[in-house]
Amino acid sequence: MGCSQLDELTENERSQIIRRLQTGSEMMVYHQKAERLTVKIIIETKQVAVFCSSDKISTALNIAEIKEIRQWETSEDFPRFIEKRKFRRMFNQSVPQDCKTCFTIFYGTEFILNSLSFNADTVEDAENWLIGLELLRQETLAANTTEIIESWLWKQMYSFNQTKKNSISKKDLKCLLRKMNFTVSSGHLEEVLEMVGANENDLNFEQFHKTYNHFIFENQKSILEEFEKGPAAFKLRNTDAPNSSTVGLYDFQKFILYPQREAWAKDLDQVKDLMSIFMENSRKTNNPKLTVGEFLSFLFSKENSIWDEKFSEINPLEMNNPLSHYWINSSHNTYLTGDQISSESSTEAYVRCLRLGCRCIELDCWDGPEEPVIYHGRTMTSKIKLKDVVKAINDHAFATSDYPVVLSIEEHCNPKQQKVMAQMFRDVFQDKLLTEPLEPNANQLPSPNQLKGKIIIKHRKIQESDCTIKQSPVKKVITSFKKMRNDYRDKVPNAKERVVMEKEGELCIWDPIDERFYRHDCVLSDNKLYYSEEKQHEDNPEVKDGSDLHISEPWFHGRLAGGRHTAELLLHDFCERRNRIDGTFLVRESDTFVRNYSISIWSKSRIRHYRIFYFLEDGHSSFFLTIKEIFPSLCALIRYYRRNPIEYDELNLCLVSFLPRPDSLPPPKAGWFYSSLSRGKAEDYLKTIPRDGVFLVRKRKEPDTFALSVRIKDDVKHFQIHRKNKYELGSFRFDSLEEMISNLQEIPLNFKLRYPVTPELVERFQKEDLSTWDSETYKEIADGNPLEERCQGVVDIFKCNIECITRHGTPKVVTLINKETLKRIKFTTKSLEEVDEWYQVILNIIQRHQNREKMRIEEMESNANIALEMSDMVVYCQSVKKKSFEKYSYKEVRSFPNTMIPEDRNETADDKLCILKYHCTALTRVFPSADRIDSSNFDPCPSWKLGCQMVALNFQSDTYTFLNHALFTLNGGAGYVLKPEWMRDPTKKKTTKQNITIKVIAARHLPTGMPFVNVELWPYVNSRSHQIDDYSFKTSLGKVEQTNVNPVWLGPKNPPRCFKVDEPDLAFLRFEILKESTFSEGVPLAQATFPVRGIRSGYRSVPLKSSFSENLELASLLVHVDVKQVED
């Protein structure tokens, strides 16, 4: 369940779920063995407890240590996971088929996590546990210091009393105090117990809490002497006991404002809220006061941390730079759980790294029996299946961070298994996998924001140099057309380029908008099919019968009452008003002959009437005035004679204009007209149909105004039409909208009206994606093509598949389908033989190309030992073997062992500048050298300092990973940290230098006694002018304090020390707690490392962590820090 789903739960629902978990459930538990046990939540200690009996706990795990609660979704995953943990024989039939009842808790404080698996009785019970555990985990992580102390004390009490009676005996208390390293005499203990109100035999929890407060205060009250010397903003009086004196509201506010330098403390309400965390509820008032014991607890608390949490917040505005401008959290040999020679490989290692915020993980791929495997080749490390790793990556890649994950593939597989690998990536990652550039014309890497949720492949890519088979040059020859018109044939010899004409002729190309075939002049040349604009309608035999197309034409008046006489009157009146223009006409149904028509024409002040003949033969309609010119439709006949003169019965003129039907608006059949359509909706309609020339006419709100909306060059233009005596479009005047549209279709201006946008057409486009049928490809048309200016489009045959089947009522239709865009073009011809001929020629071209391409690919794969499928996946992270930082592409990634990274004292200023410039544009991955067989790490600081983005460390090791964890604490643990400006642009100045003065004062809750603190500034500068003492110092203890786990370091032996920080952007302050040892410099107990840029001044707590940077409960240092800028 995601965080958003948890947020939707009401408080009542949350409480009910937690109460169910406190009550407990019986379920199958898989731990050291598989058995049915009771599992409960102990809310006081914040633990998950497994009971082997009603009052005996067999296992208890801290909720604060839970890293993941995983529900198993398939019946294969859970058994496989259990089998790996040696439960093969115990598992049997206990897991239901859907596995929704099964879940596993992953917990621990080291890299390799422990796991505890469960199988609940019902899905509902499993869901309650999943939700409840996640709620408690979030609540525990957000708990304040007082709540953590209380939970810790409950754990101490229950460790001696598992009956959970909320009390502890005096005898057990003495043992517990010794365990906590409090050295207390019996007499003094009795005094304290009497002070807290304990009875003769035992203490309740409240009394136990007060006893703890007393002894820890007594142990460290000398710290308060610091505030009596004057650096603080107030003086403390009596400090003998935790409650002996108080710090008032205004004194505490001054302390936060001045020594602590917190500007927010000007808000008194925020100060009160902070104080309330450390006070008992009974004492919370509007004028709060902290006891000196509570004040001391505040000083050691996480609320007073040395680290400024604003630097742990993600800053989306800083995620818009190219990838090369970031340090990227990276892992080496991610699959290993131990050393490099014999340790176990595990998919859980990938899960752990990804959930720790790692954004670059390594896949060491080798040939397996049937599919690739991952392991450290030629060693005794175990093998895991690549498919299991890929699934784990897919499931967990973006659990912690939404920003891109880079898969650094060390390839040892043959091309055959690489193909399996590539298909696996595509099948599992799907749209997460980046396979195409985001911006093809970019000259820099995209940003993390642009690549959110993407998985990027880092791998070698096939280069052109890997192929020796070159494309043969195209022969230039002169050819002639045999089937084109004479006017076209005359143009061919004058073309600039003389190219091979494999075939030419006339094809009928399908128009999916008009749903018909149109004839085009076509040339198959240089493996491309060029085609002209469609020929005029009279030359196009339509699939549908055209005998009724004229009904919606404005010049067709149907059957006129009064016939010939009425036609003469109407035409005479119309021509007298229009200056007697010869060629004005109308068409009407014949009074005498069925299915025949009459055309009435004004010529030389007279009206002439002629019969238009119609006959039907073999299902095809024919129309003609004279037997010399026959047309498939009446529309075709009129269009022809509007461009060509009628030479008949003393006539020799063209049809010029027509008398429109006496309708004020277009008839209903004119689907391009809309009486109420907004401008925005019109644009939506036109953009739906991806063809230039689509149009519609709409009535505007203003009286007698209309708009012609046309799609021109992928943009929508609107032209205003005014109706006065006539319809005016610019300087043109028309008697009707139909006449205007008809003229613009026949005689185009700067544009041509081609497709009327009807509601039916829009609906058809919304139901069916007709864009794939759009054959127009204007952008691909090159100058000097065989059709010259007549070329409308071109199809690259090499990019197409071909098929020939029956379509649209036509026996054979050839379809060319672009393999990349899926756009298609369909054509046929007059004869089946000619269709077969075109199909065979194109098929031969495709097959020749495929065979040649196959040979070329096989040779490249063999030469490079890279499968094309893997190569094609590489977009931005192309692995190269170059070792220099000259002549590079922003898409390249160089890889180096850490031994090749120059140290400060070995690099010249020019070398450093060259490397920094390279890293402004391109990427580098640095990895541990091969001699680190124990999985130890190198110091990453020199590599980071040179701008190297992916400095890969062994996450399973605790050496130097503290620096990696510290750096990537910045920016919300997103795995991407923006490098300082001077590293992104070497011309910029570096950040102002700093002096940091540090004094170590005390510690609480250390793992063991005899400790000392080593404070270090990283990175060290190895030069003659700097000594190691300039970057580190140690504390020392008196003999009495050596065994104390709550030590105090005061006095002249532990003076403040000052560090000079030259580069605050890449400096770290490290505190290491060590136990004195006779045989070494010290045994590490705890540590804490922070980027200098986020350190706060004042008396500060240093929350301590393990060597794997996991929180140690309540363990902390108290230090005084003073950070000052140093002006040059």
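Residues numbered from 1 in each chain as written. Predicted model: local features only at pLDDT ≥ 70, side-chain atom pairs only at ≥ 80, totals over all residues. Heavy atoms only, no water.

**Comments concerning the overall build of the protein chain**
Assigned secondary structure in the protein chain consists of 28 helices and 50 strands. Buried residues in the protein chain amount to 53% of all 1128 residues. Contacts spanning at least 24 positions in sequence make up 64% of the contacts within the protein chain whose residues lie at least 6 apart. Counting only carbon and sulfur atoms, one obtains 47% of the accessible surface of the protein chain, whose full area is about 53,900 Å². (Helix = DSSP H or I, 4+ residues; strand = E, 2+ residues; numbered from the N terminus. Buried < 20%, exposed > 50% of the residue type's maximum accessible area, 1.4 Å probe, protein only. Contact = heavy atoms within 4.5 Å. Areas by Shrake-Rupley, 256 points an atom, 1.4 Å probe, with all protein chains shown as cover.)

**Thoughts on the side chain of Arg711**
Mapped onto the elements of the fold, Arg711 is located in strand S29 (residues 705-712). Take Arg711: its relative accessible area is 10%, and that puts it in the buried class. Separated by 3.1 Å, the side chain of Arg711 and the backbone oxygen of Ile689 make a polar contact. With residues up to four places along the chain from it excluded, the contact list for Arg711 reads Leu686, Lys687, Ile689, Pro690, Arg691, Asp692, Gly693, Val694 and Val716. (Polar contact = N/O pair within 3.5 Å; in protein donor to acceptor, adjacent residues only side chain to side chain.)

**A closer look at the packing of helix H7 (residues 170-179) against helix H8 (residues 186-196)**
Think of two packed helices as two axes; the pair is described by the angle between the axes and how far apart they sit. Between H7 and H8, whose axes approach to 12 Å, the crossing angle comes to 115°. Remark: the crossing between H7 and H8 carries right-handed chirality. Residue-level contacts link Lys170, Leu173, Lys174 and Leu177 of H7 to Ser186, Leu189, Glu190 and Leu193 of H8. A per-class count over the contact of H7 with H8 returns four nonpolar, one polar and three charged. (Axes fitted to C-alpha atoms, helices over the stretch in contact; angles between N-to-C directions. Left-handed = near helix turned anticlockwise from the far one by under 90°. Nonpolar A, V, L, I, M, F, W, Y, C, P; charged D, E, K, R; others polar.)

**Things to note about the pairing of S29**
In terms of burial, S29 is largely enclosed, as eight of its eight residues are buried. Burial along S29 is two-sided: Thr705, Ala707, Ser709 and Arg711 facing one way and Phe706, Leu708, Val710 and Ile712 facing the other are all buried. In terms of strand pairing, strand S28 (residues 694-699) meets S29 through five bridges, oriented antiparallel. Residue pairing for S29: Val697 is matched across the bridge by Leu708. Here S28 hands over to S29 after five residues, with Asp704 in that stretch at a positive phi of 55°. For S29 and strand S30 (residues 715-723), the ladder comprises eight bridges, and the chain directions are antiparallel. Paired with Leu708 across the two strands is Phe719, which belongs to S30. Counting the residues that bridge the hairpin from S29 to S30 gives two residues, and of these Lys713 lies at a positive phi of roughly 50°. (Pairing = 2+ DSSP bridges.)

**Describing the pattern of salt bridges**
Across all of its chains, the model carries 47 salt bridges by this definition. Among the ionic pairs, Glu371 bridges to Lys387, the shortest N-O distance being 4.0 Å. Highlighted residues: Glu371 in the loop between strand S13 (360-366) and strand S14 (373-374) and Lys387 in helix H15 (residues 386-396), separated in sequence by 16 residues. You can call Lys387 partly exposed: its relative accessible area is 38%. With its nearest N and O atoms 3.5 Å apart, the salt bridge here joins Arg764 to Glu515. Taken together, the residues span a long stretch of sequence, with Arg764 in helix H22 (residues 759-767) and Glu515 in the loop between strand S18 (501-511) and strand S19 (516-525) at a distance of 249 residues. Taking relative accessible area as the criterion, Glu515 reaches 34% and is therefore assigned partly exposed. Here the salt bridges share partners, and the residues they tie into one network are Glu68, Arg70, Glu348 and Arg355. (Salt bridge = Lys/Arg side-chain N within 4 Å of Asp/Glu carboxyl O.)

**Some thoughts on the sheet that holds strand S21 (residues 585-589)**
A sheet is described by the order of its strands in space; here four strands give the open sequence S21-S22-S23-S24, paired in antiparallel fashion. Each edge of the sheet is formed by a strand with only one pairing partner; in this case those strands are S21 and strand S24 (620-624). Between one strand axis and the next, the sheet turns through 25° on average, direction left out of account. With seven bridges joining them, strand S22 (residues 597-603) and strand S23 (residues 606-617) adopt antiparallel strand pairing.

So yeah, pure geometry; function would need other evidence.
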